[in-house]
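# Commentary on secondary and tertiary structure
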Amino acid sequence: DVQGADLVAALPTSVTVRNLGAAVLDRDSDFDNGIIVHEYAHGISNRLTGGRLDVSCLATNYSGGGMTFLSEQMGEGWSDYYALLLTDTNTDGRGIGTYVNYEPTTGQGIRPYRYSTDLGVNPATYDYIKTAAALHGVGFVWASMVWDMTRNLVGRHGFDADIYTGTGGNNMALQLVTEGLKIEPCRPG
């Protein structure tokens, strides 16, 4: 009967990564917690938006095995937001996907700008949505606004690293967003 501690003790202390001929060694997104949370959060927003009985509320068509997404929905933004919040160390100016982009954690990542309340770092306002590409660009704008709300709550109520029972502004923001998804109507725009 093997226990978790036994498995950890059996792990090697070092590993060697070999490049099998590729010009650039691809980075596996499974090593980027932000990407893992982002993808998992799609399940959260798809299951909460419009109620628990319809998982296609962020799409206009879910027939024939294909899905067409609403151009104004925030699914990508919700996922970025959860990734930012659940990997948060109380810092502003955060990128998404910096690891797979071969950037330091302070890099821009895969979005047009880092998520920041500083307009010098992230100049996106609601007006930016007019020219933003659906789905990722539109989601980026929405997530930027929700990030601003979160940082304001942290400024007022503090930051609490305990995501389960914490009482800081970040915990309040997480609860507000999650509860908001529960009342978001099907096919929001």
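We now examine the overall build of the protein chain. Looking only at helices and strands, the protein chain features five helices and two strands. Taken from N to C terminus, the helices and strands of the protein chain fall in the order α-α-β-β-α-α-α. Across the 189 residues in the protein chain, those meeting the buried criterion constitute 37%. For the protein chain, restricting intrachain contacts to residue pairs at least 6 apart in sequence, the fraction spanning at least 24 positions comes to 56%.

Relative to the helices and strands, N171 resides in helix α5 (residues 169–183). N171 gets classed as buried once you look at its relative accessible area, which sits at 9%. Only 2.7 Å separates the side chain of N171 from the backbone nitrogen of G168, close enough to count as a polar contact. Look past the residues within four positions of N171 in its chain and what remains in contact with it is D160, D162, I163 and G166.

Counting through the fold element by element, G189 comes out in the segment after α5. Put simply, G189 and Q73 are 116 residues apart on the chain and 5.6 Å apart in space, counted from C-alpha to C-alpha.

On to unusual backbone geometry. Its identity is not glycine, yet Y102 carries a phi of approximately 60°, on the positive side. When you line up the elements, Y102 lands in the loop between α3 (75–86) and α4 (136–157). For Y102, a relative accessible area of 41% corresponds to the partly exposed category. Of note, the phi angle at R187 is positive, near 55°, even though the residue is not glycine. Tracing the chain through its elements places R187 in the segment after α5.

So, about helix α2 (residues 33–48). Think of an α-helix as turning once every 3.6 residues; residues three or four places apart then point the same way. Here α2 spans 22 Å end to end across 16 residues, near enough to the 22 Å set by a 1.5 Å rise per residue. Within the sequence span of α2, burial applies to G34, I35, V37, H38, A41, H42, G43 and S45. Tucked inside the fold, the buried residues of α2 contact α3 and α5. Put simply, D32 is the residue that caps the front of α2, since its side-chain oxygen is 3.0 Å from the backbone nitrogen of G34. Positioned one or two residues after α2, G50 has a phi angle of 80°, which is positive.

Where α2 contacts α3, the axes come no closer than 7 Å and their chain directions differ by 130°. Judged on the interaxial angle alone, α3 and α2 are oblique. Remark: the crossing between α2 and α3 carries right-handed chirality. Of α3, the residues touching α2 (which contributes G34, V37, H38, A41, H42, I44 and S45) are G75, E76, W78, S79, D80, Y82, A83 and L86.

Our next topic: the packing of aromatic side chains. Enumeration over the complete set of coordinates arrives at six aromatic pairs. Measuring from centroid to centroid gives 6.3 Å for Y81 and Y82, while their planes differ by 75°, and the two rings are edge-to-face. Under the relative-accessibility criterion, Y81 is labelled buried at 0%. Judged by relative accessible area, Y82 falls into the buried class, the value being 3%. Within the aromatic cluster, the residues linked to one another by ring pairs are Y113, Y115, Y128 and F140.

Next up on the list: the state of the cysteines. In this structure the tally under the stated criterion is one disulfide. Linked covalently through their sulfurs, C57 and C186 form a disulfide whose S-S length is 2.0 Å. Because the sign of the S-S torsion sets the handedness, a value of about -95° for the bond joining C57 and C186 places this disulfide among the left-handed ones. Residue C57 is found in the loop between α2 and β1 (59–61), and its partner C186 is found in the segment after α5; the two are separated by 129 residues along the sequence.

Conventions we followed
- Residues numbered from 1 in each chain as written.
- Predicted model: local features only at pLDDT ≥ 70, side-chain atom pairs only at ≥ 80, totals over all residues.
- Heavy atoms only, no water.
- Helix = DSSP H or I, 4+ residues; strand = E, 2+ residues; numbered from the N terminus.
- Buried < 20%, exposed > 50% of the residue type's maximum accessible area, 1.4 Å probe, protein only.
- Contact = heavy atoms within 4.5 Å.
- Polar contact = N/O pair within 3.5 Å; in protein donor to acceptor, adjacent residues only side chain to side chain.
- Expected span 1.5 Å × (residues − 1).
- Axes fitted to C-alpha atoms, helices over the stretch in contact; angles between N-to-C directions.
- Parallel < 35°, antiparallel > 145°, perpendicular 65-115°, else oblique.
- Left-handed = near helix turned anticlockwise from the far one by under 90°.
- Phe/Tyr/Trp six-rings, centres within 6.5 Å; stacked < 30°, edge-to-face > 60°.
- Disulfide = S-S within 2.5 Å.

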